[in-house]
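In case you want the letters, here they are:
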Amino acid sequence: GEDVEQSLFLSVREGDSSVINCTYTDSSSTYLYWYKQEPGAGLQLLTYIFSNMDMKQDQRLTVLLNKKDKHLSLRIADTQTGDSAIYFCAETSSGNTPLVFGKGTRLSVIA
Amino acid sequence: DSGVTQTPKHLITATGQRVTLRCSPRSGDLSVYWYQQSLDQGLQFLIQYYNGEERAKGNILERFSAQQFPDLHSELNLSSLELGDSALYFCASSVKASGAYEQYFGPGTRLTVT
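Now for a quick tour of the structure. In this numbering scheme, every chain counts its residues from 1 along its sequence in written order. Chain letters start at A and ligand numbers start at 1, both assigned in the order the entries are written. Restriction of local features to residues with pLDDT of at least 70 applies here, the model being predicted, together with a cutoff of 80 or more for giving and counting side-chain atom pairs; totals for whole chains, interfaces and linings are based on all residues. Only hydrogens and water are set aside; all other atoms, that is, all heavy atoms of the structure, feed into the side-chain values.

## Description of the overall build of chain A
For step 1, the next point in the chain: The secondary structure content of chain A amounts to zero helices and 11 strands.
For step 2, the next point in the chain: Its helices and strands in sequence order give chain A the pattern β-β-β-β-β-β-β-β-β-β-β, from N to C terminus.
For step 3, the next point in the chain: For chain A, the C-alpha radius of gyration of 13 Å lies close to 13 Å, the compact-globule estimate for 111 residues.
For step 4, the next point in the chain: With respect to the three principal axes, the spread of C-alpha positions in chain A is 40 × 30 × 20 Å.
For step 5, the next point in the chain: A buried classification covers 47% of the 111 residues belonging to chain A.
For step 6, the next point in the chain: With the model as given, the accessible surface of chain A reaches about 5,300 Å², and the carbon-plus-sulfur share is 48%.
For step 7, the next point in the chain: Asp and Glu count as negative and Lys and Arg as positive, but His and the ends of the chain are not part of the count. Every charge is mapped onto a representative atom, which is NZ of Lys, CZ of Arg, CG of Asp or CD of Glu. For chain A, the separation between the mean place of its 10 positive charges and that of its 13 negative charges on side chains is 1 Å. The secondary structure listing takes helices from DSSP runs of H or I that are at least 4 residues long and strands from runs of E that are at least 2 residues long, numbered from the N terminus. As defined in this context, the radius of gyration uses C-alpha atoms, and a globule is described by 2.2 Å times the residue total to the power 0.38. Accessible area is worked out with a 1.4 Å probe on protein chains only. A residue is then buried under 20% of its type maximum, exposed over 50%, and partly exposed in between. Residue exposure ignores everything except the shown protein chains as possible cover, and the areas themselves are Shrake-Rupley values with a 1.4 Å probe.

Okay, structure coming up:
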């Protein structure tokens, strides 16, 4: 079945860039998403990218997609302490269908 | 605030009991998804409803059931509860925007089975 892998932890200094990586196995993945979960809260949709795109930029967030390697990354520029959270990568092969999530990457921002 | 509401926020109950979790999707969203988040399994899809009909089923146990009502709110029923059912249960609703479906999650219901 489909599988989405992420590294579990990332620690960065405030003001640096963070890069969170994700790999997926389903070659038919069409939509790839990034969600943020703060302690005790639900999942907040940050951004997403279509499989026919290589890059998407949204303010401090840049998503890069390497479809050949099935690799997705989320870059957060000028990381702030408020960015400390768990970031989930998710994919789906078509539109209004369930998401397959990675286990999440816990980002710690050191002041 | 995603616009998806879930009640209750916390639920503590004993093994063998039955509980009902409630979800109201964002206004106008016809799809409702249920996900379970646990430490060992991560986020797992349980079931999806679209406009009152079951659309997709994931790793949902037979002890669990769900439905979506005419006003589009949904309920997830968990019965014969076991310790391992302790988890965060999320509901999400989806809308098509800019060519993709965006799933918006509620704040979750934390279930503790003792």
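## Let's talk about the pairing of strand 3 (residues 18–24) of chain A
Residues and elements named next belong to chain A.
For step 1, the next point in the chain: What you see with strand 3 is a clean split: Ser18, Ile20, Cys22 and Tyr24 sit on the buried side and Val19, Asn21 and Thr23 on the side with no burial.
For step 2, the next point in the chain: Criterion used throughout: strands pair if DSSP finds at least two bridges between them. Of the pairings in the sheet, the one linking strand 1 (residues 4–6) to strand 3 comprises three bridges and is antiparallel in character. When the sheet's bridge partners are listed, valine 4 is paired in strand 3 with tyrosine 24.
For step 3, the next point in the chain: Sheet topology places strand 3 next to strand 8 (residues 71–76); six bridges connect them, and they run antiparallel. Across the sheet, the residue bridging to cysteine 22 is leucine 72, located in strand 8.

## Description of the interface of chain B and chain A
Quite often, the size of an interface is put as the accessible area lost when its parts meet.
For step 1, the next point in the chain: Facing the 27 residues of chain B at the interface are 19 residues of chain A.
For step 2, the next point in the chain: When two components associate, each loses some accessible surface as probed by a 1.4 Å sphere; the sum of these losses over both components is called the buried area. Both faces considered, chain B and chain A share a buried interface measuring about 1,700 Å² in area, 55% of it formed by carbon and sulfur atoms.
For step 3, the next point in the chain: One side-chain nitrogen of Lys or Arg within 4 Å of one carboxyl oxygen of Asp or Glu is enough to make a salt bridge. Our count for the contact surface shared by chain B and chain A stands at zero salt bridges.
For step 4, the next point in the chain: We define a polar contact as two N or O atoms separated by no more than 3.5 Å, with the added condition that, inside protein, one atom must be a possible hydrogen donor and the other a possible acceptor, whereas residues neighbouring each other in sequence contribute only through side-chain atom pairs. Applying the counting criterion to the chain B and chain A interface returns 12 residue pairs in polar contact (both at pLDDT 80 or more).
For step 5, the next point in the chain: Listed by contribution, the elements that provide at least two residues to the side of chain B that touches chain A are strand 4 (31–38), strand 5 (42–50), strand 6 (53–57), strand 9 (87–97) and strand 10 (100–105) of chain B. In this description, contact between two residues means that some pair of their heavy atoms is separated by no more than 4.5 Å.

## Points about the state of the cysteines
For step 1, the next point in the chain: The definition used for a disulfide is geometric: two cysteine sulfur atoms within 2.5 Å. Throughout the structure, instances matching the rule amount to two disulfides over all chains.
For step 2, the next point in the chain: At a sulfur-sulfur separation of 2.0 Å, the disulfide partner of A:Cys22 is A:Cys89. Here the disulfide of A:Cys22 and A:Cys89 is left-handed, its torsion about the S-S bond being about -60°. Of the two residues, A:Cys22 sits in strand 3 while A:Cys89 sits in strand 9 (residues 85–92), which places them 67 residues apart along the sequence.
For step 3, the next point in the chain: Take A:Cys22: its relative accessible area is 1%, and that puts it in the buried class.
For step 4, the next point in the chain: The disulfide partner of B:Cys23 is B:Cys91, and the S-S distance across this bridge is 1.7 Å. Placement of the pair is B:Cys23 in strand 3 (residues 19–24) and B:Cys91 in strand 9, with a sequence separation of 68 residues. The same class applies to B:Cys23 and to B:Cys91, which are both buried.

## Topic: the pattern of salt bridges
Oppositely charged side chains can pair when the atoms bearing their charge come close.
All names here are of chain B.
For step 1, the next point in the chain: Following the criterion strictly, the structure yields five salt bridges over all chains and no others.
For step 2, the next point in the chain: A salt bridge links glutamate 82 to arginine 63; the nearest nitrogen and oxygen atoms lie 3.7 Å apart. A residue pair is termed long-range when its members are at least 10 positions apart, and glutamate 82 in the loop between strand 8 (74–78) and strand 9 and arginine 63 in the loop between strand 6 and strand 7 (64–68) qualify at 19 residues.

## A word on the sheet that holds strand 1 (residues 5–7) of chain B
Residue and element names in this part refer to chain B.
For step 1, the next point in the chain: Overall, antiparallel pairing links the four strands, which are arranged 1-3-8-7 in an open sheet. Here the strands that pair on one side only, and so sit at the sheet edges, are strand 1 and strand 7. In this sheet, adjacent strand axes meet at a mean angle of 15° when their direction is disregarded. Axis lines are fitted through C-alpha atoms, for helices just across the contact stretch, and the angle between N-to-C directions can take any value from 0 to 180 degrees.

## Quick look at the packing of aromatic side chains
For step 1, the next point in the chain: Put simply, two rings from Phe, Tyr or Trp (the six-membered ring, in Trp's case) pair if the centres are within 6.5 Å, and we call them stacked under 30 degrees between planes, edge-to-face over 60, tilted for the rest. Going through the model one piece at a time under the given rule, you end up with 15 aromatic pairs over all chains.
For step 2, the next point in the chain: A ring pair is formed by A:Phe101 and B:Phe105, whose centres lie 6.0 Å apart and whose planes are at 80°; its orientation type is edge-to-face. Residue A:Phe101 is found in strand 10 (residues 100–101), and its partner B:Phe105 is found in strand 10; the two belong to separate chains.
For step 3, the next point in the chain: Looking at B:Phe105, the relative accessible area reads 3%, which means it is buried.
For step 4, the next point in the chain: Put simply, the rings of A:Tyr31, A:Tyr33, A:Tyr35, A:Tyr48, A:Phe50, A:Phe88, A:Phe101, B:Tyr33, B:Tyr35, B:Phe45, B:Phe90 and B:Phe105 pair up and form one aromatic cluster.
For step 5, the next point in the chain: Residue placement shows A:Lys56 over the ring face of A:Tyr48; its charged tip is 4.2 Å from the ring centre.
For step 6, the next point in the chain: The criterion for a charge sitting over a ring is simple: Lys NZ or Arg CZ within 6 Å of the ring centre, and within 35 degrees of the ring normal. Cation over ring: B:Arg55 sits above B:Tyr50, and NZ or CZ is 4.5 Å from the ring centre.

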